[in-house]
Amino acid sequence: QVQLVESGGGLVQAGGSLRLSCAASGSIFSINAMGWYRQAPGKQRELVAAITSGDSTNYADSVKGRFTISRDNAKNTVYLQMNSLKPEDTAVYYCNAHLKTTGWGLHHNYWGQGTQVTVSS
């Protein structure tokens, strides 16, 4: 069993900041990449940012320069620092981990339950 538990969402005014955290626990052998996705009402889920075990990062164009993803491999935790938030950043943010539960298995995607981020204008 693998669990991804997110925290840090909430309501913030435009221009403000929030920091999301996601801790992975359970039967984890290794984690390849971790990331954050978001889904706004009526829209498809989209990649926000991702980070590999080697700390290579990838960001959506809409958040470059404002959001920073980082991870603590020892704690199996990924963070998303969100600055200069805009109303269009309002969405449910989901944590994702691409991991193996055994040494001989394949990597699979696991998801958190989501955390709401609301940015008021």
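The coordinates are above.
Residues numbered from 1 in each chain as written. Predicted model: local features only at pLDDT ≥ 70, side-chain atom pairs only at ≥ 80, totals over all residues. Heavy atoms only, no water.

A.B. asks: Let's hear about the overall build of the protein chain: which residues, and what values?
C.D. replies: Along its length, the protein chain carries zero helices and 11 strands. A principal-axis box enclosing the C-alpha atoms of the protein chain has dimensions of 50 × 25 × 25 Å. Counting only residues that meet the buried cut, the protein chain has 38% of its 121 residues in that class. Counting contacts in the protein chain only where the partners sit at least 6 residues apart, residues at least 24 apart contribute 55% of the total. Accessible area for the protein chain stands at about 6,400 Å²; split by element, carbon and sulfur atoms hold 47% of it. Positive and negative side-chain charges in the protein chain, numbering 10 and 7 respectively, have mean positions lying 2 Å apart. (Helix = DSSP H or I, 4+ residues; strand = E, 2+ residues; numbered from the N terminus. Buried < 20%, exposed > 50% of the residue type's maximum accessible area, 1.4 Å probe, protein only. Contact = heavy atoms within 4.5 Å. Areas by Shrake-Rupley, 256 points an atom, 1.4 Å probe, with all protein chains shown as cover. Lys, Arg positive; Asp, Glu negative; His and termini not counted. Charge placed at Lys NZ, Arg CZ, Asp CG, Glu CD.)

A.B. asks: Go over the sheet that holds strand β1 (residues 2-7), please, and point to the residues and values.
C.D. replies: Spatially, the four strands line up as an open sheet ordered β1-β3-β8-β7, and their pairing is antiparallel. Edge positions in the open sheet fall to β1 and β7 (67-72), since each of these has one partner strand only. The sheet shows a mean angle of 15 degrees between the axes of neighbouring strands, taken without regard to direction. (Pairing = 2+ DSSP bridges. Axes fitted to C-alpha atoms, helices over the stretch in contact; angles between N-to-C directions.)

A.B. asks: I'd like a rundown of the state of the cysteines, residues and numbers included.
C.D. replies: Counted by the stated rule, this structure contains one disulfide. Through a disulfide, cysteine 22 is tied to cysteine 95; the S-S separation comes to 2.0 Å. Residues cysteine 22 and cysteine 95 are joined through a disulfide that is left-handed, its torsion about the S-S bond being -80 degrees. Placement of cysteine 22 in strand β3 (residues 18-26) and of cysteine 95 in strand β9 (residues 91-100) is noted, with a sequence separation of 73 residues between them. Comparing cysteine 22 with cysteine 95 shows no difference in burial state: the two are buried. (Disulfide = S-S within 2.5 Å.)

A.B. asks: I'd love a proper account of the packing of aromatic side chains, names of residues and values included.
C.D. replies: Tallying each qualifying case throughout the model produces one aromatic pair. When the ring centre of tyrosine 79 is taken as origin, the NZ or CZ atom of arginine 19, which lies over that ring, is 4.2 Å away. Sitting above the plane of the tryptophan 111 ring, arginine 45 keeps its charged end 4.7 Å from the centroid. (Phe/Tyr/Trp six-rings, centres within 6.5 Å; stacked < 30°, edge-to-face > 60°. Lys NZ or Arg CZ within 6 Å of the ring centre and 35° of its normal.)

A.B. asks: Can you tell me about the nonpolar core, naming the residues and giving the values?
C.D. replies: Counting residues in hydrophobic clusters, the biggest one holds 30 residues, and the most contacted among them are Trp36, Leu80, Met82 and Tyr93. Secondary-structure elements contributing two or more residues to this core are β1, β3, β4 (30-39), β5 (46-52), β7, β8 (77-82), β9 and β11 (115-120). With five residues, β9 is the largest single contributor of residues to this core. (Core = buried A, V, L, I, M, F, W, Y, C linked by side-chain atoms within 4.5 Å.)

A.B. asks: Which residues make up unusual backbone geometry, and what are the values?
C.D. replies: The residue asparagine 76 is not glycine, and still its phi comes out positive at about 50 degrees. Here asparagine 76 lies in the loop between β7 and β8. Exposure remark for asparagine 76: the relative accessible area of 23% places this residue in the partly exposed category. Of note, the phi angle at serine 84 is positive, near 50 degrees, even though the residue is not glycine. The exposure class of serine 84 is partly exposed, given its relative accessible area of 41%.

A.B. asks: Please set out the pattern of salt bridges residue by residue, giving values where relevant.
C.D. replies: If the charged atoms of two oppositely charged side chains come close together, the side chains can form a pair. Throughout the structure, instances matching the rule amount to four salt bridges. Residue aspartate 89 is joined to arginine 38 by a salt bridge in which the shortest nitrogen-to-oxygen separation is 3.0 Å. Taken together, the positions of aspartate 89 in the loop between β8 and β9 and arginine 38 in strand β4 put the pair 51 residues apart, joining distant regions of the chain. Here aspartate 89 and arginine 38 have matching classes, each one buried. The salt bridge involving arginine 66 is made with aspartate 89; its shortest N-O contact spans 2.8 Å. Taken as a pair, arginine 66 in the loop between β6 (57-59) and β7 and aspartate 89 in the loop between β8 and β9 lie far apart in primary sequence, 23 residues in all. Residue aspartate 89 is classed as buried on the basis of its relative accessible area, which comes to 1%. When salt bridges that share partners are traced, they join Arg38, Glu46, Arg66 and Asp89 into one network. (Salt bridge = Lys/Arg side-chain N within 4 Å of Asp/Glu carboxyl O.)

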